[in-house]
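An overview of the molecular structure
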Amino acid sequence: MKRKRRHLVSLPVLLACLGGCTALSHGFLNPQGPVAGHERDLFFTVSIVLLFVAGPVLLLTPLFAWHYRLSNRSDAYRPKWNFSWWVEALIWIPPAGIVIGLAVLLWHWTKIDDPYRRLPGAAPVEVQAIALDWKWVFVYPDLGVAAVDRLTIPAGRPVHIKLTSGTVMQSMLIPQLAGQIYAMGGMTTELNIQAHRPGRFRGENTQYNGAGFQQQKFDVVAVSSADYDRWAAAARSGKRTLDAQTWQRLSARSIITHPVEFAHVTPNLFEHVVAATGGMTHSSPKAVR
């Protein structure tokens, strides 16, 4: 009996620990940027509003079942009853008000959190993200450098990301900073993010693209402005070059064990990848010159 009780006590503790490690620590419930903060607030607001839909159902269903039980013979039985104004009002007015209120609320927040909408503040850091199998390539066109599976950004400053895919359609998700946005071959999409403070956040591809899908994750490292400048200087002083031959090896289906940085990048690499994947074809390394 004691052993059984220990199992019953340890199970809730284990579930609580596991829940805290995922949704609370790395999800949008622990936002570290303005966009994710809006998403969390909207989630709680909508959840509270929807309680007015689920609440009456959960409360009245057992009440009706109890009231109209077979053994209840004391209440009036009205088989010819067919209409009541207050019942009609209860059925139509509250749901209509909830739908209208949610429509106005979601329309307002959809405009605010449009992924293409530039965030207020200083001039954004420009980043070009290329999705591959099974890795992410981040090009900094203003710096002339690139990184694989690590996105370094300055905390407190907006970041504008332009996305495409060198293979099949994929989807970028950084839960603590922003919602997901698709990356498609031959097309470009945009995402604007910002981190409130320095930290390390999880990013991943949420669109299945083959055997290495579950390992296509990357780190978003937010640092202070001074540390970002030092990182940029160190990245430019490296020796690796992302040229046509390197791109041919990099774009092959593979999983890298650790992030890689390139001090020099072929000019207009992002545009070449977009052009090469037009017409729903896979990227050709020969197109990158």
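Note: the structure precedes this text.
Residues numbered from 1 in each chain as written. Predicted model: local features only at pLDDT ≥ 70, side-chain atom pairs only at ≥ 80, totals over all residues. Heavy atoms only, no water.

**Considerations on the overall build of the protein**
Secondary structure assignment for the protein yields six helices and 13 strands. Relative to its 289 residues, the protein shows a buried fraction of 36%. Across the protein, every contact between residues at least 6 apart in sequence was considered, and the portion connecting residues at least 24 apart equals 68%. As displayed, the protein has an accessible area near 17500 Å², and 64% of this comes from carbon and sulfur atoms. (Helix = DSSP H or I, 4+ residues; strand = E, 2+ residues; numbered from the N terminus. Buried < 20%, exposed > 50% of the residue type's maximum accessible area, 1.4 Å probe, protein only. Contact = heavy atoms within 4.5 Å. Areas by Shrake-Rupley, 256 points an atom, 1.4 Å probe, with all protein chains shown as cover.)

**Side note on the layout of surface pockets**
Of the volumes computed, that of the largest pocket is approximately 930 Å³. Along the walls of the largest pocket sit 25 residues, with Leu 60, Phe 64, Tyr 68, Trp 86 and Val 87 positioned nearest its centre. Of all the secondary-structure elements, those providing two or more residues to the lining of the largest pocket are α2 (34–67) and α3 (85–112). Residue contributions to the lining of the largest pocket peak at eight residues, all from α2. Tallied by class, residues from the lining of the largest pocket come to 17 nonpolar, four polar and four charged. Taken as a whole, the second largest pocket holds about 210 Å³ of empty space. Around the second largest pocket sit 17 residues that line it, and Val 35, Ile 112, Asp 113, Asp 114 and Asn 192 are the ones nearest its centre. Sorting the residues of the lining of the second largest pocket by element identifies α2, β7 (178–183) and β8 (189–193) as the ones contributing at least two each. At four residues, α2 tops the list of elements feeding residues into the lining of the second largest pocket. Of the residues belonging to the lining of the second largest pocket, the class tally is eight nonpolar, five polar and four charged. (1 Å grid on protein atoms, 1.4 Å probe; cavity = no way out; pocket = protein on both sides within 12 Å on 5 of 7 lines; lining within 4 Å. Points joined across faces, edges and corners; volume = space filled by probe spheres on them. Nonpolar A, V, L, I, M, F, W, Y, C, P; charged D, E, K, R; others polar.)

**As for the packing of aromatic side chains**
Evaluation of the coordinates by the stated rule reveals nine aromatic pairs. When the centroid spacing of 5.3 Å and the interplanar angle of 85° are considered together, the rings of Phe 28 and Phe 43 count as edge-to-face. Of this pair, Phe 28 sits in the loop between α1 (2–26) and α2 while Phe 43 sits in helix α2, and the two are 15 residues apart along the sequence. Connected via pairs of aromatic rings, a cluster forms that spans Phe 28, Phe 43 and Phe 44. When the ring centre of Trp 66 is taken as origin, the NZ or CZ atom of Arg 69, which lies over that ring, is 4.5 Å away. (Phe/Tyr/Trp six-rings, centres within 6.5 Å; stacked < 30°, edge-to-face > 60°. Lys NZ or Arg CZ within 6 Å of the ring centre and 35° of its normal.)

**With respect to the side chain of His 160**
Along the chain, His 160 falls in strand β5 (residues 159–165). A distance of 2.8 Å separates a polar atom in the side chain of His 160 from a polar atom in the side chain of Glu 126. Contact partners of His 160, with chain neighbours within four places excluded, come to Arg 118, Pro 124, Val 125, Glu 126, Val 127, Glu 190, Leu 191 and Asn 192. (Polar contact = N/O pair within 3.5 Å; in protein donor to acceptor, adjacent residues only side chain to side chain.)

**Notes on a nonpolar patch on the surface**
Taken together, the side chains of Leu 59, Leu 60, Leu 63, Phe 64, Trp 66 and Tyr 68 present a nonpolar region at the surface, about 720 Å² in accessible area. In this structure, Phe 64 sits in helix α2. Taking relative accessible area as the criterion, Phe 64 reaches 48% and is therefore assigned partly exposed. (Patch = residues over 30% accessible without salt bridge, like charges linked within 9 Å, V, L, I, M, F, W, Y side chains within 5 Å. Salt bridge = Lys/Arg side-chain N within 4 Å of Asp/Glu carboxyl O.)

**Notes on the sheet that holds strand β9 (residues 199–205)**
Strand order in the open sheet formed by five strands is β4-β10-β9-β6-β7, and the pairing between neighbours is mixed. Two strands in the sheet have a free side with no partner beyond their single neighbour: β4 (150–154) and β7. Across the sheet, the mean angle from the axis of one strand to that of its neighbour is 20°, orientation sign disregarded. Bridging between strand β6 (residues 170–174) and β9 involves two bridges; their strand directions are antiparallel. From the neighbouring strand, Met 172 faces β9, where its bridge partner is Asn 205. Each of β4 and β10 (217–223) is contacted by helix α4 (residues 225–236), which is oriented at about 135° to β4, the strand it contacts most. (Pairing = 2+ DSSP bridges. Axes fitted to C-alpha atoms, helices over the stretch in contact; angles between N-to-C directions.)

**Notes on the nonpolar core**
Counting residues in hydrophobic clusters, the biggest one holds 35 residues, and the most contacted among them are Phe 138, Tyr 140, Ile 153, Ile 161, Leu 163, Met 172 and Ile 193. With five residues, β10 is the largest single contributor of residues to this core. (Core = buried A, V, L, I, M, F, W, Y, C linked by side-chain atoms within 4.5 Å.)

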